[in-house]
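Residue strings, one per chain:
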Amino acid sequence: MNVTIDNETATISPQDLKTVVAKLLEKVGVPQSQAERTADVMVNTDLKGMESHGVRWLDIYLKRIQSGCVNPVTDLKVVQEKAGLILLDAQSGLGQVALSKAVAMGIEKARTAGVCAVAVRNSNHCGALGYYTEMATKASMAAIVMTNGTPLMAPWGGVTPCIGTNPISFAVPSQGDPVILDMATSASARGKVFVAAQKGTKLPDGIALNKEGEPTTDPKEALEGLLLPVGGPKGYGLSLIIDIMAGIMTGSNHGQNITSLYGDLEHAQNIGHFAVIVNVDDFLPLDDFFTGMQQSRTELKGSKLAKGFSQVFLPGEIEANTAKYRAEQGVAIPVATWNTLQEWSKKLNVQ
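An account of the accompanying structure is given in this report.

The rules behind the values
Residues numbered from 1 in each chain as written. Predicted model: local features only at pLDDT ≥ 70, side-chain atom pairs only at ≥ 80, totals over all residues. Heavy atoms only, no water. Buried < 20%, exposed > 50% of the residue type's maximum accessible area, 1.4 Å probe, protein only. Helix = DSSP H or I, 4+ residues; strand = E, 2+ residues; numbered from the N terminus. Pairing = 2+ DSSP bridges. Polar contact = N/O pair within 3.5 Å; in protein donor to acceptor, adjacent residues only side chain to side chain. Contact = heavy atoms within 4.5 Å. Axes fitted to C-alpha atoms, helices over the stretch in contact; angles between N-to-C directions. Phe/Tyr/Trp six-rings, centres within 6.5 Å; stacked < 30°, edge-to-face > 60°. Lys NZ or Arg CZ within 6 Å of the ring centre and 35° of its normal. Patch = residues over 30% accessible without salt bridge, like charges linked within 9 Å, V, L, I, M, F, W, Y side chains within 5 Å. Areas by Shrake-Rupley, 256 points an atom, 1.4 Å probe, with all protein chains shown as cover. Salt bridge = Lys/Arg side-chain N within 4 Å of Asp/Glu carboxyl O. Parallel < 35°, antiparallel > 145°, perpendicular 65-115°, else oblique. Left-handed = near helix turned anticlockwise from the far one by under 90°. Nonpolar A, V, L, I, M, F, W, Y, C, P; charged D, E, K, R; others polar.

Points about the pairing of strand β2 (residues 9–12)
One face of the sheet, then the other: side chains in a regular strand alternate in exactly this way. Burial of β2 is one-sided: the residues Ala10 and Ile12 facing one way are buried, the residues Thr9 and Thr11 facing the other way are not. For strand β1 (residues 3–5) and β2, the ladder comprises 3 bridges, and the chain directions are antiparallel. Within the sheet, the bridge partner assigned to valine 3 lies in β2 and is isoleucine 12. Taking the residues that link successive antiparallel strands as the turn, the β1-β2 hairpin has 3 residues. Both β2 and strand β15 (residues 331–334) contribute to a ladder of 4 bridges, which runs antiparallel. Bridged to threonine 11 within β15 is alanine 332.

Below, the structure is given as structure tokens:
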């Protein structure tokens, strides 16, 4: 295993990084196939340059498994099933395993039903949602995936954290790279605030408030305070709808009922996921759809550029380009994250 380390980053091949992560998960009781899936989700995220949602999460996953609030074995239970609907109980298993299995089941149902709604209750943090919507595009389908989480934002006009940064992802296939929108409903994902605190960099204005409810650019103050919704009341409204769809409607916890991912290692979070899978070919022949997608791409790319911009990107394009580069050159993760992996390796006796 070759690792190149400088002052800020450690660079390692994607496969080697997956192997390290999977072996650590196996050491705390996660079955091999489930450990490999969880590792694939995390490393795939780092591969795309989204270090805020990648391997850095492994530390808290291992701690929560060891404390007993996350089940190392993810055993999905079918609660409700119809032609175009399935509700699953993750039984407090790993979110990556639960949601990837759920989306795979939804894809199969959408082949015959045209559209399938998939919901998961009693689950845990699942990482970046773009991984799951991209699964659908590989089957020439479109998808919407959402999840709720720890309350880190206040409702618009308030200063009490009572709603999550609840992310949502949309993805559609094309003849080239799929178009993937993956976003938090806060002005910045909390993972990016963690990375900023780790690196000692300031946050942009309009991202967060401190614990007194005052604006701050200090990431450490932001972690003790709360994040602001993207687009003001629009982001708040979108986050609330996701909390309803992924939380209330699935029978999961929601709002202030969700315990802290980092601050509470005794209680399960019981968060929910909700996805809609669409078989594009049932609406429009795929060749015609791809022709339309290419026309849209050409028009967008041909737009006259605004000052300071060198080109127009489609959602997910920057990440796809980064993934292609890192697949050859190696995945760069913060040195602090690599050091944490080393500490766990020593603790769990993983070579």
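Overview of the side chain of asparagine 166
Tracing the sequence through the fold places asparagine 166 in the loop between β8 (163–164) and β9 (168–172). For asparagine 166, a relative accessible area of 1% gives the class buried. Within the structure, the side chain of asparagine 166 is placed 3.1 Å from the backbone nitrogen of glycine 149, a separation counted as a polar contact. Reaching out from asparagine 166, the side chain makes a polar contact with the backbone oxygen of serine 239 at a distance of 3.0 Å. Here asparagine 166 is in contact with Thr147, Asn148, Gly149, Ala184, Thr185, Ser239, Ile242 and Asp243, once residues within four sequence places are set aside.

Quick notes on the sheet that holds β9
Within the open sheet, the 7 strands sit side by side as β3-β4-β5-β14-β6-β9-β10. Their pairing is mixed. Edge positions in the open sheet fall to β3 (77–82) and β10 (179–183), since each of these has one partner strand only. Averaged over neighbouring strand pairs, the angle between their axes works out to 10 degrees when direction is ignored. Pairing between strand β5 (residues 115–123) and strand β14 (residues 271–279): 7 bridges, direction antiparallel. Residue pairing for β14: alanine 119 is matched across the bridge by phenylalanine 274. Its contacts with the sheet place helix α5 (residues 130–137) against β6 (141–147), β9, β10 and β14, and it is angled at close to 160 degrees to β6.

Things to note about the packing of aromatic side chains
Taken as a whole and assessed by the stated rule, the structure comprises 4 aromatic pairs. Centroid distance tryptophan 57 to tyrosine 61: 6.5 Å. Interplanar angle 20 degrees. Geometry classified as stacked. Each member of the pair tryptophan 57 and tyrosine 61 is classed as buried. Aromatic rings pair up to connect Trp57, Tyr61 and Tyr262 into one cluster. Residue placement shows arginine 56 over the ring face of tryptophan 57; its charged tip is 4.8 Å from the ring centre.

Some details on the sheet that holds β1
In spatial order, the strands read β1-β2-β15; together these 3 strands make up an open sheet with antiparallel pairing. Each of the sheet's edge strands pairs with one partner strand only, and the pair in question is β1 and β15. The average angle at which neighbouring strand axes cross in this sheet is 25 degrees, direction not considered. Along the sheet, helix α11 (residues 335–347) contacts β1, β2 and β15; its crossing angle with β15, the most-contacted strand, is approximately 85 degrees.

Some thoughts on a nonpolar patch on the surface
A surface patch of nonpolar side chains, about 310 Å² in accessible area, is lined by Leu240, Ile241, Ile244 and Ile248. Residue placement: leucine 240 occurs in helix α8 (residues 233–248).

What to know about the pattern of salt bridges
This structure, assessed with the given rule, holds 7 salt bridges. Two residues, glutamate 317 and lysine 301, come together in a salt bridge whose shortest N-O distance is 2.6 Å. Taken together, the positions of glutamate 317 in helix α10 (residues 317–329) and lysine 301 in helix α9 (residues 286–301) put the pair 16 residues apart, joining distant regions of the chain. Given a relative accessible area of 30%, lysine 301 falls into the partly exposed group.

Thoughts on the packing of helix α1 (residues 14–27) against helix α3 (residues 58–67)
It is at 10 Å that the axes of α1 and α3 come closest, and there the two elements cross at 10 degrees. The pairing of α1 with α3 is recorded here as roughly parallel in orientation. As for how α1 packs across α3, the hand of that crossing is right-handed. In this structure, α1 uses Val21, Leu24 and Leu25 to contact α3, whose residues at the interface are Leu58, Leu62 and Ile65. Partitioning the contact of α1 with α3 into residue classes produces 6 nonpolar, no polar and no charged.

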